[in-house]
Amino acid sequence: PNGYLHIGHAKAITVDFGVARDFGGICNLRLDDTNPDTEEAEYVDSIIGDIEWLGFTPPRPLKHASDYFDQLYAWAEQLIAKGLAYVDEQDSDTISEQRGGYGVPGIESPFRTRSPEDNLELFRRMKAGEFPDGSRVLRAKIDMSHENMQLRDPIMYRIRRVHHFRTGDTWCIYPTYDWAHGQSDALEGVTHSLCTLEFEGNRPLYDWYLSHLDLPFDQPRQIEFARLELTHTVTSKRRLLRLIAEGTVSGWDDPRLPTLSGLRRRGYPAKAITDFCAYVGVTRTNSRQSIELLESFVRRELNRTAQRRMAVLRPMKLVLTNWPVDADGNPVVEEFEITNNPENPEDGTRLVPFSGELWIEQDDFAETPPPKFFRLSPGREVRLRGAYFVTCTGVVTDDQGVVVEVHATYDPETRGGNAPDRRKVKSTMHWVSARHAVPTTVHLYARLFSAEVPGERTGEPLDDLDPNSVEMLAGCQAEPALADTEPGTVVQFERLGYFAHDGREPLLFHRTVGLRDEWANIQKRQSAKK
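Chemist: So what exactly am I meant to see when it comes to the sheet that holds strand β18 (residues 389–397) here?
Modeler: Strand-to-strand pairing in sheets goes through backbone hydrogen bonds, with the strands running parallel or antiparallel. The strand order across the open sheet formed by seven strands is β20-β17-β18-β19-β13-β16-β21, and the pairing between neighbours is mixed. One side of each edge strand has no neighbouring strand; the edge strands of this open sheet are β20 (428–429) and β21 (432–433).

The structure is reproduced here in structure tokens:
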């Protein structure tokens, strides 16, 4: 619990709970709280919340490595008594240097030959707090010449006078992950401990510790599988923490981050993530998946579940000069019944107000249209989604000649967006009634890392950060139904993409994904090359 879970953890969670489900077993959630320097209750709460959001229910009570500190300590004394562990008084730099390297044997500590009795006394004094932090460690006595570096007398305990969020100040020595891992598994009756491939080299140590202890259950088995890596993505907790500390992102739940809380805030459905993880599957070969593939799962799920709304991100005023007025001279207001989600008829319809002044997107109008531009321009007729055909008749410009308002006439015979003479138009545009519009803020996102493989060029992933990865648009205009959107809900802004309501600011929406299926285009290009 030293950070928030990310998309890589989602794969591990999906595999772990999925295997337990498929074989009628139990998947434990155990927090490895062996390093109080970096652990916080906030991280514990976020881990539990993310797992449950993905749709999995860990058995209660939750488990912690700190639940077993007494037993771990007792087992450490057993190894000392057997001559299989010793107290080393060298500093950490010296111990690291003496480990040697691949093909270079390590150097044995001068304290390695102490008697079990002396080591036991020193270890108990470490526990009693008689020595300063970092002055002594407990090491397993295995083989300083072993080809596997993990077996070169690894550290089991270190002195840390740090307040633990669960055990308080009870302990001043804390076990390492490798010492706590297998033994905690054994105490819980775990049969299979699933890890990613970077722990493959730790498996002999996992087995060595367990083989020298009297276990309450059969010895568990560690199995490794490939971790999940995505293009344009960094999942290193150290680097994510740096992004947060330096203010590059707003926090662990910044929508640009691959953390589950960030993806949730951006609007990624939990089902899309677990479906993606299941599709990727379990392999023994590390590979990097295209982020466009993940986005295709998100888009597919949202296309099915998200209701449609109209919003204008960069507004331009459209005035219908022949729009009728009532007896008091006010523009008439009509309402159009528009489907909420054509993929799900059960979502029904909504009424959208329409009047003589509308907001349209700036790029839906061109005073001098380029080739193959079929949207609104002088003399051209287009369809306003679900409403009327309109024809541009003129513009209003400011002192610099920039168009600030477009004028048009509407054809009252085309109500609902269809002409009785069946004439065709080449463009259908979304719109928002200016009189009824709801002011909205929208954040648009590019890749946080511009390179497909961050750091491939320089060795430092943060060198590939895109400084323009977010565009914040204020003054957007949306139809009134958007005001009733609950925080966390994702809707489709027609023609623009899927957007998630943040809820922290009035009507702030994050773009989840666009409408274009980039993954399908990638597959087409790859097929064309073949």
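Chemist: When you look at the packing of helix α1 (residues 7–22) against helix α10 (residues 270–280) in this model, what are you seeing that I'm missing?
Modeler: Relative placement of two packed helices is described by the angle separating their axes and the distance separating the axes. Relative to each other, α1 and α10 sit at 70°, their axes nearing to 9 Å. Looking at the two axes, α1 sits roughly perpendicular to α10. Along this stretch, α1 crosses α10, giving a crossing that reads as right-handed. In contact with I7, A10, K11 and T14 of α1, α10 contributes I273, T274 and C277. Residues belonging to the contact of α1 with α10 are distributed by class as follows: four nonpolar, two polar and one charged.

Chemist: Explain the sheet that holds strand β6 (residues 173–175) to me, please; I cannot follow it from the model alone.
Modeler: Reading across from one edge, β3-β4-β5-β6 is the order of the four strands in this open sheet, with antiparallel pairing throughout. The sheet terminates laterally at β3 (85–88) and β6, the two strands that pair on one side only. On average, each strand axis in the sheet is inclined to that of its neighbour by 20°, with strand direction left out of account. In this sheet, strand β5 (residues 155–159) lies alongside strand β4 (residues 137–140) in antiparallel orientation, the contact comprising three bridges. Bridge pairing in β5 places L138 opposite Y157.

Chemist: Explain helix α11 (residues 291–305) to me, please; I cannot follow it from the model alone.
Modeler: Owing to its 3.6 residues per turn, the α-helix brings residues three or four apart onto one side. Between its first and last C-alpha, α11 extends 21 Å over 15 residues, near the 21 Å set by a 1.5 Å rise per residue. Counting buried positions along α11 gives 11 out of 15 residues, so the element sits mostly inside the fold. Residues I291, E292, L293, L294, E295, S296, F297, V298, R299, E301 and L302 constitute the buried set of α11.

Chemist: Explain the nonpolar core to me, please; I cannot follow it from the model alone.
Modeler: One recurring pattern in soluble globular proteins is that nonpolar side chains are buried together. If you look at the biggest cluster of nonpolar residues, it comprises 40 residues, and the most contacted ones within it are I7, I51, L54, I273 and F276. Broken down by secondary-structure element, the contributors of at least two residues to this core are α1, α2 (41–53), β9 (228–230), α9 (260–266), α10, α11, β25 (497–501) and α12 (518–529). When neighbours within four sequence positions are excluded, F276 is seen to be in contact with L228, L230, Q289, L293, L294 and F297. Counting 33 residues, the second-largest nonpolar core is a separate cluster that includes F69, W75, F131 and L138.

Chemist: Teacher, can you tell me more about the packing of aromatic side chains here?
Modeler: Two measures describe an aromatic ring pair: the distance that separates the ring centres and the angle between the ring planes. All told, the structure shown has 24 aromatic pairs when counted by the stated rule. Seen in terms of ring centroids, F17 and F56 are 5.1 Å apart; in terms of plane orientation they differ by 20°. Their pairing is stacked. You can see F17 sitting in helix α1 and its partner F56 sitting in the loop between α2 and β2 (63–64), a full 39 residues away along the chain. With respect to burial, F17 and F56 carry one shared label: buried. Considering the side-chain rings of W323 and Y410, the 4.8 Å spacing of their centres and the 55° angle between planes classify their relative orientation as tilted. A residue pair is termed long-range when its members are at least 10 positions apart, and W323 in the loop between β13 (315–320) and β14 (334–339) and Y410 in strand β19 (residues 403–411) qualify at 87 residues.

Chemist: Please clarify how the pattern of salt bridges should be interpreted in this entry.
Modeler: Oppositely charged side chains can pair when the atoms bearing their charge come close. One pass over the full model with this rule turns up 45 salt bridges. The salt bridge partner of D185 is R30, with a shortest N-O separation of 2.6 Å. Taken together, the positions of D185 in helix α6 (residues 177–188) and R30 in strand β1 (residues 30–31) put the pair 155 residues apart, joining distant regions of the chain. Among the salt bridges present, the one from D517 reaches R299, with a minimum N-O distance of 3.7 Å. A residue pair is termed long-range when its members are at least 10 positions apart, and D517 in the loop between β26 (508–513) and α12 and R299 in helix α11 qualify at 218 residues. Note on D517: relative accessible area 32%, which makes it partly exposed. Judged by its relative accessible area of 8%, R299 is buried. Among the charged side chains, a network of salt bridges with common partners joins E200, R203, E224 and R284.

Chemist: How should I be thinking about empty space enclosed by the protein in this particular structure?
Modeler: To find the voids left in a structure, one rolls a probe of water-molecule size over its atoms. If you walk through the whole model with that rule in mind, you get one cavity of 30 Å³ or more. Empty space within the largest cavity amounts to approximately 30 Å³. In terms of residues, the lining of the largest cavity owes the most to one element, α6, which gives three residues. Split into classes, the residues belonging to the lining of the largest cavity amount to three nonpolar, three polar and one charged.

Chemist: Can you walk me through the environment of F336 in this structure?
Modeler: If you trace the backbone, F336 turns up in strand β14. Residue F336 is classed as buried on the basis of its relative accessible area of 2%. As for F336 and R385, which are separated by 49 residues in sequence, their C-alpha atoms are 9.8 Å apart.

Chemist: Looking at this structure, how should I read a nonpolar patch on the surface?
Modeler: A cluster of nonpolar side chains, contributed by V396, V402 and V404, occupies part of the molecular surface with about 200 Å² of accessible area. Assignment of secondary structure puts V404 in strand β19.

Chemist: Explain the packing of helix α3 (residues 69–81) against α6 here, please?
Modeler: Interhelical geometry of α3 versus α6 gives an angle of 110° and a closest axis separation of 11 Å. The orientation of α3 relative to α6 falls into the category roughly perpendicular. Here the hand of the crossing between α3 and α6 comes out right-handed. Packed against α3, whose contacting residues are Q71, L72, W75, A76 and L79, the element α6 presents W179, A180, Q183 and L187 at the interface. Class assignment of the residues belonging to the contact of α3 with α6 gives a composition of seven nonpolar, two polar and no charged.

Chemist: Hey, could you run me through the layout of surface pockets in this one?
Modeler: Taken as a whole, the second largest pocket spans an internal volume of roughly 560 Å³. Looking at the second largest pocket, it is lined by 29 residues, and the ones nearest its centre are R266, E295, Y445, R447 and T512. For the lining of the second largest pocket, the element with the most residues is α11, which contributes four residues. Here the lining of the second largest pocket is built from residues that sort into 17 nonpolar, four polar and eight charged.

What counts, and at which threshold
Residues numbered from 1 in each chain as written. Predicted model: local features only at pLDDT ≥ 70, side-chain atom pairs only at ≥ 80, totals over all residues. Heavy atoms only, no water. Pairing = 2+ DSSP bridges. Helix = DSSP H or I, 4+ residues; strand = E, 2+ residues; numbered from the N terminus. Axes fitted to C-alpha atoms, helices over the stretch in contact; angles between N-to-C directions. Parallel < 35°, antiparallel > 145°, perpendicular 65-115°, else oblique. Left-handed = near helix turned anticlockwise from the far one by under 90°. Contact = heavy atoms within 4.5 Å. Nonpolar A, V, L, I, M, F, W, Y, C, P; charged D, E, K, R; others polar. Expected span 1.5 Å × (residues − 1). Buried < 20%, exposed > 50% of the residue type's maximum accessible area, 1.4 Å probe, protein only. Core = buried A, V, L, I, M, F, W, Y, C linked by side-chain atoms within 4.5 Å. Phe/Tyr/Trp six-rings, centres within 6.5 Å; stacked < 30°, edge-to-face > 60°. Salt bridge = Lys/Arg side-chain N within 4 Å of Asp/Glu carboxyl O. 1 Å grid on protein atoms, 1.4 Å probe; cavity = no way out; pocket = protein on both sides within 12 Å on 5 of 7 lines; lining within 4 Å. Points joined across faces, edges and corners; volume = space filled by probe spheres on them. Patch = residues over 30% accessible without salt bridge, like charges linked within 9 Å, V, L, I, M, F, W, Y side chains within 5 Å. Areas by Shrake-Rupley, 256 points an atom, 1.4 Å probe, with all protein chains shown as cover.

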